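Fold and contact review
Residue strings, one per chain:
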Amino acid sequence: MNPRLPYVLLVGAAVIIFILCCMLLSRGRQSASCESQPRNVEKTGSRSQSLVFADLTPEEMVQVVRYLQENLGVPLVDASRALPSDNCISYIDMQVPAKAEVLRFLDGGGARPTREALAVLYFGNQPDPNVTEYVVGPLPTPTYHRDVTVQKYGRRVPYHRRPMLDSEYEQVGMFLKTVAFAAAPTFLKEVFEYDGTNVAFQTAAPRGFQSGDRRSWFIVFQNVSGFFLHPVGLEVLVDHSSLDISQWAVSRVFYNGQYYRDMAQLESAYVQGRISVEKVKKAPRDGDFSSMKPRAPPATMFPVQYEPQGPRYSVRNNHVVFQAWSFAFGMSVNTGMRLFDIRYQGERIAYEISVQEALSVYGSNCPGGMSTRYMDGSFGIGRFSSPLVRGVDCPYSATYMDVHYLAQSQVSRIGKNALCIFEQNLGSPLRRHYSNLQSFYYGGLVNSALIVRSIATLDNYDYVWDFIFYQNGAIEAKVQATGYMSSSFLHGDGLRYGNRVWEHTLGTIHTHSINYKVDLDVGGVKNSLVAHDMAFEMARAPWSPEQQTERPRLTKKVLDTEDQAAFQHQSKMPRYIYFAANSKNKWGHQRGYRIQIVSFAGEHVPETSSMERAISWARYKLAVTRRKEEEPTSTSIYNQNDPWTPTVAFADFINNETITNEDLVAWVTTGFLHIPHSEDIPNTVTVGNSVGFLLRPYNYYDLDPSIYSHDGVFFTIWCHLKCRSSSSTPCLALAASSRRWSWRCWWTMGTSTAPTGWSGWPRLHGVLGATAARCTRGSVQGLTASRTGTSPQPSGPLRVGKRGDKQGS
């Protein structure tokens, strides 16, 4: 027997035991300190409960359509090919149950509310054409329908108020090409080289000057990529109020600053040489300057986001959980994203946060531009949610969700990747402090937030809609505007209404106003509205009575009525306004959530305007009213085409009712002025065109709740300085303890002589910056780092460069 064999076996066994011990310890450490999933703070069953807010499924939509076809007793034509004189389904959406029923179900163990659909139908094929809204249920197998139109609006909805269907736009386009343009063949051929395919149209809205009008300006552009920037100077006013298409007519024509009775008069004036012609250079199919093709070749790869341990949030059906947050989401056909039952640490903060409307008011010296007040809800903010592109619209690693909708068809459609959810390292600390006085430490928390996003493309504009959830209990609603500007043909005094951005293109001045509904339930359903602010007071210095000092003091006021809580844009508003609960925190303050608005909205349409009541929500940067089931939205899709007799006038919501200890809703308006300029070619950028609001805890907690985040980092540092030369390298040994990094550092320099300028404790900015947290619970075991070492990876998102180098914390 080889005498060395026992020693070899002994060493081998020791190695195996060592490896097994390392594996066991590694697993133990990972399960104890590196969990990637947050603790579940929601109630049992909340995921299935959130389905009470879920959008309709394609199967449910099929059943609703089938029920309506079989039970209304009238023929229904598919809206995609309907004439104005037909009956058709405009859209079907989920009918949101009454709040009281939902809360009994969510909080009181009550029955699940009946699931129902809202169906909006156009009845053009009857003696009294109108728009009717039905609630259809129960789903998934309907057995009843009830007309809720009068209940909702107090009257029937006249047919002329209906939003235009895609089929009606197609019919107007065919009318322009086959009837209107046929009257001016010479002018169109010689001035525009018109061939029947090389022009595009954009509509203005509203459609006239008084209730009952349905006369729309259609602006003519070159039919190229980015056609919105290629006006040719021709605009046509079409009267399409008749349900008989053969009765449609041209009411007026505009060309290069002059108005004509119709296209025939324009043709006659041109043939006789009595008009000033401004020929526009024919653009290539890609639009030339309006093309979005990059002008530079690809270079180095931009940073991308990386999740070392996968997503730290979960999505099931319409329910999202992220750390201490949970909420349900949905997509309305008309208004887009909406959130329900928003909770932090298991407590409901808000019952509903939803987009209500996006308004644009334009100026121009062309008729189409000067008459435009787009109310995008009537076109369908949710319906026009566009597919999101990975890595540009949202991070590659985001969760992408499809949405299903039924609008202007009898068949449901799918919006692929119409919504994304992702956690984002925002690249800055949520909070931090670096102490070099008295005691030496660093404490901080990466600002990693959850974002829910959709992007709606409404004709020329793209709106990026975000709801952002922060680790300190704050919520942000934000909208960013991009896409193409809307333009007019440059002529005459056009520069009074914008900037010249190309040879014949005027970027027209306009405003953006966005309205949200915020149904906060702070510490319960019953809340009051409280305002805090600051005022300076003069006081004598107690230690030197002959001297005076100015000191800020806190001002407090309870806003008792709706009139007191309605703040118009030019009025002064307290800087701290919050919903106050009936409970107090540890320090005796009413628990609250503050509404902080980020907006650059300016002048509102004068209240003397005949159409202002239709957009009266835009008078107010903030208005707080009692919550009522009969006031579910601040506006109506029917206001666009009849703003002179609005179906819903928000101003009527504000009637001086008491709002103390009531269920309250905040209606928040944010916006900005856009004066287009050359840098908006080809597209407006999101930078500087972002507005919104925040909901921030205000004495709601006893301290900042983010201190309990697993992402927190804390260093305690003791340093012993031994200097030998100025070209030394610091060496760090890291000892771990739970929720704390304890550092002991030695500066090994080979001599006891300190370099010039060093005294006390050294500045260790570079050393501290070389190490990052790895585990969500903040504990680190057996790690070392130096100026030249690499940092352990955190479990939250990182931004990574092309070679995998970390670009963030």
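This structure is a prediction, so every number in the text was calculated from the model and none was measured. (Residues numbered from 1 in each chain as written. Predicted model: local features only at pLDDT ≥ 70, side-chain atom pairs only at ≥ 80, totals over all residues. Heavy atoms only, no water.)

**Topic: the overall build of the chain**
The helix and strand tally for the chain stands at ten helices and 38 strands. In the chain, which comprises 809 residues, the proportion classed as buried is 53%. Pairs at least 24 apart in sequence give 67% of the contacts found in the chain among residues at least 6 apart. For the chain, the exposed area adds up to about 36,500 Å²; of that, 53% sits on carbon and sulfur atoms. (Helix = DSSP H or I, 4+ residues; strand = E, 2+ residues; numbered from the N terminus. Buried < 20%, exposed > 50% of the residue type's maximum accessible area, 1.4 Å probe, protein only. Contact = heavy atoms within 4.5 Å. Areas by Shrake-Rupley, 256 points an atom, 1.4 Å probe, with all protein chains shown as cover.)

**Examining the state of the cysteines**
Scanning the model with the defined rule gives one disulfide in all. The disulfide partner of Cys394 is Cys420, and the gap between their sulfur atoms is 2.1 Å. Judged by the sign of its S-S torsion, about -75°, the cystine formed by Cys394 and Cys420 is left-handed. Placement of the pair is Cys394 in the loop between β17 (373-375) and β18 (399-407) and Cys420 in strand β19 (residues 413-437), with a sequence separation of 26 residues. Accessibility expressed as a relative area gives 3% for Cys394, which makes it buried. (Disulfide = S-S within 2.5 Å.)

**Here's the deal with a nonpolar patch on the surface**
A cluster of nonpolar side chains, Met301, Phe302 and Tyr396, forms an exposed patch at the surface whose accessible area comes to about 300 Å². Tracing the sequence through the fold places Met301 in the loop between α8 (263-271) and β11 (304-306). (Patch = residues over 30% accessible without salt bridge, like charges linked within 9 Å, V, L, I, M, F, W, Y side chains within 5 Å. Salt bridge = Lys/Arg side-chain N within 4 Å of Asp/Glu carboxyl O.)

**Here we look at the sheet that holds strand β24 (residues 498-502)**
The three strands are arranged β23-β25-β24 in an open sheet whose pairing can be described as antiparallel. Only two strands of the sheet have a single neighbouring strand rather than two, namely β23 (487-489) and β24. Taking each pair of neighbouring strands and ignoring which way they run, the sheet shows an average axis angle of 40°. Where β23 meets strand β25 (residues 505-508), three bridges bridge the pair, whose relative direction is antiparallel. Residue Phe489 lies in a different strand from β25, and its bridge partner there is Thr505. (Pairing = 2+ DSSP bridges. Axes fitted to C-alpha atoms, helices over the stretch in contact; angles between N-to-C directions.)

**As for the sheet that holds strand β9 (residues 249-255)**
One open sheet accounts for five strands, arranged β6-β7-β8-β9-β10; its pairing is antiparallel. Taken across any chain shown, the strands that pair with only one partner, and hence form the sheet edges, are β6 (199-203) and β10 (258-260). Taking the axes of each pair of neighbouring strands and ignoring which way they run, one obtains an average angle of 25° across the sheet. By the bridge criterion, five bridges tie β6 to strand β7 (residues 215-222) in an arrangement that is antiparallel. Looking at β7, one finds that Gln202 is bridged to Ile219. On the sheet, helix α6 (residues 166-180) packs against β6, β7, β8 (231-239) and β9 and is oriented at approximately 130° with respect to β6.

**Here's the deal with the pairing of strand β31 (residues 590-598)**
Relative to β31, strand β30 (residues 576-584) runs antiparallel, the two being bridged by four bridges. Following the sheet pairing, Lys584 is matched in β31 by Gln590. Counting the residues that bridge the hairpin from β30 to β31 gives five residues, and of these Gly588 lies at a positive phi of roughly 90°. Sheet topology places β31 next to strand β34 (residues 690-698); seven bridges connect them, and they run antiparallel. Bridge pairing links Ile595 to Leu695 in β34.

**Quick notes on the confidence of the model for the chain**
Scored by pLDDT, the chain comes out at a mean of 87, with 83% of its residues at no less than 70. In this model residues 23-44 is a low-confidence stretch, pLDDT under 50, and it forms 33 contacts with partners more than four residues away in sequence or in other chains. (pLDDT = per-residue confidence, 0-100.)

**Quick look at the side chain of Arg373**
Within the fold, Arg373 resides in strand β17. With no salt bridge to any partner, buried Arg373 finds its closest opposite charge in Glu612, at an N-O distance of 11 Å. A distance of 3.2 Å separates the side chain of Arg373 from the backbone oxygen of Met370, its partner in a polar contact. Apart from the residues within four sequence positions on either side, Arg373 is in contact with Ala205, Pro206, Leu359, Ser360, Val361, Tyr362, Met611 and Gln640. (Lys, Arg positive; Asp, Glu negative; His and termini not counted. Polar contact = N/O pair within 3.5 Å; in protein donor to acceptor, adjacent residues only side chain to side chain.)

**Remarks on the packing of aromatic side chains**
Tallied over the entire structure, the rule returns 38 aromatic pairs. Each ring, one from Phe289 and one from Trp502, has its centre 4.1 Å from the other, and the planes form 15°; the classification is stacked. Here Phe289, found in the loop between α8 and β11, pairs with Trp502, found in strand β24; they are 213 residues apart in sequence, far enough to count as distant. For Trp502, a relative accessible area of 41% gives the class partly exposed. Both rings, one in Phe340 and one in Tyr351, keep their centres 6.3 Å apart while their planes meet at 75°; by these two values the pair is edge-to-face. One end of the pair, Phe340, is in strand β15 (residues 336-344); the other, Tyr351, is in strand β16 (residues 347-362), with eleven residues separating them in the sequence. A residue is classified by how much of its surface remains accessible, and Tyr351, at 1% relative accessible area, is buried. Three or more aromatic residues joined by ring pairs form one cluster here, namely Trp325, Phe327, Tyr344, Phe469, Tyr593, Tyr700 and Tyr701. Just above the ring of Tyr159 sits the side chain of Arg162; from NZ or CZ to the centre is 4.0 Å. (Phe/Tyr/Trp six-rings, centres within 6.5 Å; stacked < 30°, edge-to-face > 60°. Lys NZ or Arg CZ within 6 Å of the ring centre and 35° of its normal.)

**Description of the pattern of salt bridges**
Throughout the structure, instances matching the rule amount to 36 salt bridges. With its nearest N and O atoms 3.0 Å apart, the salt bridge here joins Arg343 to Asp341. Asp341 carries the same exposure label as Arg343, and that label is buried. Connected through shared salt-bridge partners, Lys99, Asp519, Asp521, Arg627, Glu629 and Asp663 make up one network.

**Focus: the environment of Asp376**
Along the polypeptide, Asp376 turns up in the loop between β17 and β18. As for Asp376 and Gln640, which are separated by 264 residues in sequence, their C-alpha atoms are 8.6 Å apart. If near-sequence neighbours (up to four positions away) are discounted, Asp376 is found in contact with Glu357, Ala358, Ile381, Leu458 and Tyr463.

**Topic: the packing of helix α7 (residues 185-192) against α8**
Taken N-terminus to C-terminus, the directions of α7 and α8 make an angle of 65°; their axes are 8 Å apart at the nearest point. Here Pro185, Thr186, Phe187, Leu188, Glu190 and Val191 of α7 lie close against α8, whose contacting residues are Met263, Leu266, Glu267, Tyr270 and Val271. Class assignment of the residues belonging to the contact of α7 with α8 gives a composition of eight nonpolar, one polar and two charged. (Nonpolar A, V, L, I, M, F, W, Y, C, P; charged D, E, K, R; others polar.)

**A few points about the nonpolar core**
Counting 67 residues, the largest nonpolar core has Trp465, Phe469 and Tyr516 as its most contacted members. With six residues, the top contributor of residues to this core is β16. With 35 residues, the next largest nonpolar core counts Val131, Val157, Leu165 and Ala618 among its residues. (Core = buried A, V, L, I, M, F, W, Y, C linked by side-chain atoms within 4.5 Å.)

**Observations concerning α7**
Within an α-helix, residues lying three or four positions from one another point in the same direction, as the helix has 3.6 residues per turn. Looking at α7, one finds that the buried residues are Phe187, Leu188, Val191 and Phe192. Viewed along the axis of α7, the buried residues span an arc of 95°, placing them on a single side of the element. Contacts made by the buried residues of α7 are with β8, β9 and α8. Once α7 finishes, Glu193 follows within two positions and takes phi at roughly 55°, a positive value. (Arc of directions from axis to C-beta.)

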